[in-house]
Amino acid sequence: MSAVRRLAKRLLAVCGAFALQAQAADDGLREAGRRLFNSGTAPSCATCHTLRDANASGEIGPVLDELRPDEGRVAQVLRTGLGVMPPFRDKLTEQELAVLARYVAAVAGPAR
């Protein structure tokens with residue numbers, strides 16, 4: 001086997017390992033986001049919002065699968081509240097806010 005082929009084979013193995021690590025990290029963030037959505041706040045997001053990935057069917061707030069907010073919008077509303085939705089900036093850490101915002105934006109689908 002030529003040196004180029006061996007190098008290419010090693011690069012593919014390294015890239016594959018990074019891809020697996022990235023997928024595991026994404027899965028971990030998704031699960032953390034789902035937990036926060038369902039039980040990480042009081043009241044929980046699931047109490048008011050419908051989000052298919054979280055098996056949530058709340059009827060007070062918007063259906064997030066239809067609204068499809070982007071990550072920035074979710075983070076802003078989580079921090080400041082909107083309408084009857086209270087702010088969560090004093091109940092969640094910045095990291096939790098970021099994870100929850102990323103989760104909702106990712107599973108609700110691309111913003112319109």
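This is a predicted model, so every value here is computed, not measured.

Q: Help me understand the pattern of salt bridges in this model?
A: Two side chains that carry opposite charge are able to pair once their charged atoms sit near each other. Going through the model one piece at a time under the given rule, you end up with 6 salt bridges. We note a salt bridge from R35 to E31, for which the minimum N-O separation is 3.8 Å. Taken together, the residues span about one helical turn, with R35 and E31 both in helix α1 (residues 3–39) at a distance of 4 residues. For the salt bridge of R34 with D53, the shortest nitrogen-to-oxygen distance reads 2.8 Å. With a gap of 19 residues between them, R34 in helix α1 and D53 in the loop between β1 (50–51) and β2 (56–57) connect regions that are remote in the sequence. Beyond isolated ion pairs, a larger network of salt bridges with shared partners links R30, E31, R34, R35 and D53.

Rules used in this analysis
Numbers given to residues run from 1 along each chain, matching the order in which its sequence is written. Under the rules for a predicted model, residues below a pLDDT of 70 receive no local features and side-chain atom pairs below 80 are neither given nor counted, while totals for whole chains, interfaces and linings still include all residues. The basis for every side-chain value is the complete set of non-hydrogen atoms in the structure, without hydrogens or water. The term salt bridge refers to a side-chain nitrogen of Lys or Arg lying within 4 Å of a carboxyl oxygen of Asp or Glu. Helix and strand assignments come from DSSP, with helices taken as H or I runs of at least 4 residues and strands as E runs of at least 2, each series counted from the N terminus.

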